[in-house]
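Coordinate inspection notes
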Amino acid sequence: MPKTSSMGRGIMALLAVGSRNADGLPGGTVADIAGDLSKDRSQVSRSLRGAEQEGFLERADGRSYTLSWSLFTDAQLLTEQRLQTDGITALEGLAGETNEGCFLGVLSGDSTVTVGERIPASSNMVGSWLGRPYPAYCSDAGQALLWESSDAEVRTVFGSAAFVRHGPKTPVDVEDFLTRLHEARSRGYSIVDEEAEPGLYSLAVPVRDFKGDVVAALQVVGPKTRLEPRRELCASALVSWGKWLESTLGQSLAQA
């Protein structure tokens, strides 16, 4: 059986520390990490010291190792870059499969802002939404961007929102929005049916980064008369491309 290289042992030790952080623990001593990995303490100690020297780990109290903030910062910057580059790939693939307008949105206060779009000529959509904000309570991306938020957090986001009617099915208040959000979570994707404007229909999924935080929403948007009958087909493509984009963002920490 081949032996693990020193680099491989170092990565294993680093991931073990990261797993402890993800579980809410403050880090781990050499003994903790060695126990987690079922490895020799002296071997693990060398791996942890090497990761500390490279700036991947910090020693919180002289004994316990934790992930360095610089590693998170680098990973966050890489995530933002990937969201732009790989986001375009996802939009192109999704638009190619659905022949509908496809968008990538982010949350800004109680509004959503489009940061990427691909609009096939066959979709007959006119104009661009890039950089334009829209109320999150009725936008195509709103439910997906608040996917992981608690009810209390959602109420805080919309604390000063007026819930102006933009379409015949715009949510009337935050409780109405929460009901639709809960239904979307059970379904696996959101449906915004004439909430943003009359006749407009859209599907969306959340996109998470390496920390598991929702950083964007991937959307398919089109006329209700055309998109609703193809909902299952478009939803399948949407979920698939959403998972692909999440997988590329999930690689950020490993590559930072």
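The model shown is predicted, which means the values in this text are computed figures rather than measured ones. (Residues numbered from 1 in each chain as written. Predicted model: local features only at pLDDT ≥ 70, side-chain atom pairs only at ≥ 80, totals over all residues. Heavy atoms only, no water.)

Points about helix α9 (residues 231-250)
Compared with the 28 Å implied by 1.5 Å per residue over 20 residues, the 28 Å span of α9 between its first and last C-alpha is a close match. Turning to α9, its buried residues number three or more, namely C234, A235, A237, L238, W241, G242, L245, E246, T248 and L249. (Helix = DSSP H or I, 4+ residues; strand = E, 2+ residues; numbered from the N terminus. Expected span 1.5 Å × (residues − 1). Buried < 20%, exposed > 50% of the residue type's maximum accessible area, 1.4 Å probe, protein only.)

A look at a positive patch on the surface
Residues R41, R46, R49, R59 and R63 make up a contiguous surface patch of positive charge. Looking at which element gives the most residues to the positive patch, the answer is helix α3 (residues 41-53), with three residues. (Patch = residues over 30% accessible without salt bridge, like charges linked within 9 Å, V, L, I, M, F, W, Y side chains within 5 Å. Areas by Shrake-Rupley, 256 points an atom, 1.4 Å probe, with all protein chains shown as cover. Salt bridge = Lys/Arg side-chain N within 4 Å of Asp/Glu carboxyl O. Lys, Arg positive; Asp, Glu negative; His and termini not counted. Charge placed at Lys NZ, Arg CZ, Asp CG, Glu CD.)

Quick look at the sheet that holds strand β4 (residues 111-118)
The antiparallel open sheet is built from six strands, whose spatial order is β5-β4-β3-β8-β7-β6. Each edge of the sheet is formed by a strand with only one pairing partner; in this case those strands are β5 (133-135) and β6 (190-193). Taken over all neighbouring pairs, the strand axes of this sheet differ in orientation by 35 degrees on average, direction set aside. In this structure, strand β3 (residues 101-108) lies alongside strand β8 (residues 214-223), joined through five bridges in antiparallel fashion. Bridging across to β8, C102 finds its partner in V220. (Pairing = 2+ DSSP bridges. Axes fitted to C-alpha atoms, helices over the stretch in contact; angles between N-to-C directions.)

So, the pairing of β6
Of the two faces of β6, the one holding S190 and V192 and the one holding I191 and D193 are both buried throughout. The pairing of β6 with strand β7 (residues 200-208) spans four bridges and is classified as antiparallel. By the bridge assignment, D193 is partnered in β7 with Y201. Where β6 folds back onto β7 in an antiparallel hairpin, the turn is made up of six residues, including E194, whose phi is positive at roughly 55 degrees.

Regarding the nonpolar core
L94, L104, L203, L218 and L238 are the most contacted members of the largest nonpolar core, which has 24 residues in total. Elements represented by at least two residues in this core include exactly α4 (69-98), β3, β7, β8 and α9. Top contributing element to this core by residue count: α9, with seven residues. Each residue touching L94, except ones within four places of it in the same chain, is listed here: C102, L218, Q219, V220, A237, L238 and W241. Core analysis: the second largest hydrophobic core is formed by 18 residues, V174, F177, A184 and A196 among them. (Core = buried A, V, L, I, M, F, W, Y, C linked by side-chain atoms within 4.5 Å. Contact = heavy atoms within 4.5 Å.)

Let's talk about the state of the cysteines
Summed over the entire model, instances satisfying the criterion amount to zero disulfides. The cysteine C234 is free of any disulfide, with C102 supplying the nearest cysteine sulfur at 8.1 Å. By relative accessible area, C234 is classed as buried at 0%. (Disulfide = S-S within 2.5 Å.)

A few points about the packing of helix α2 (residues 30-37) against α3
At a minimum axis separation of 9 Å, α2 and α3 run at an interaxial angle of 115 degrees. One finds that α2 runs roughly perpendicular with respect to α3. Crossing of α2 against α3: the hand is right-handed. On α3, the residues that touch V30, A31, I33 and A34 of α2 are R41, V44, S45 and L48. (Parallel < 35°, antiparallel > 145°, perpendicular 65-115°, else oblique. Left-handed = near helix turned anticlockwise from the far one by under 90°.)

Some words on the packing of aromatic side chains
All told, the structure shown has five aromatic pairs when counted by the stated rule. Connected via pairs of aromatic rings, a cluster forms that spans Y137, F158, F163 and F177. A cation over an aromatic ring shows up here: R187 above the ring of Y189, its NZ or CZ 5.7 Å from the ring centre. (Phe/Tyr/Trp six-rings, centres within 6.5 Å; stacked < 30°, edge-to-face > 60°. Lys NZ or Arg CZ within 6 Å of the ring centre and 35° of its normal.)

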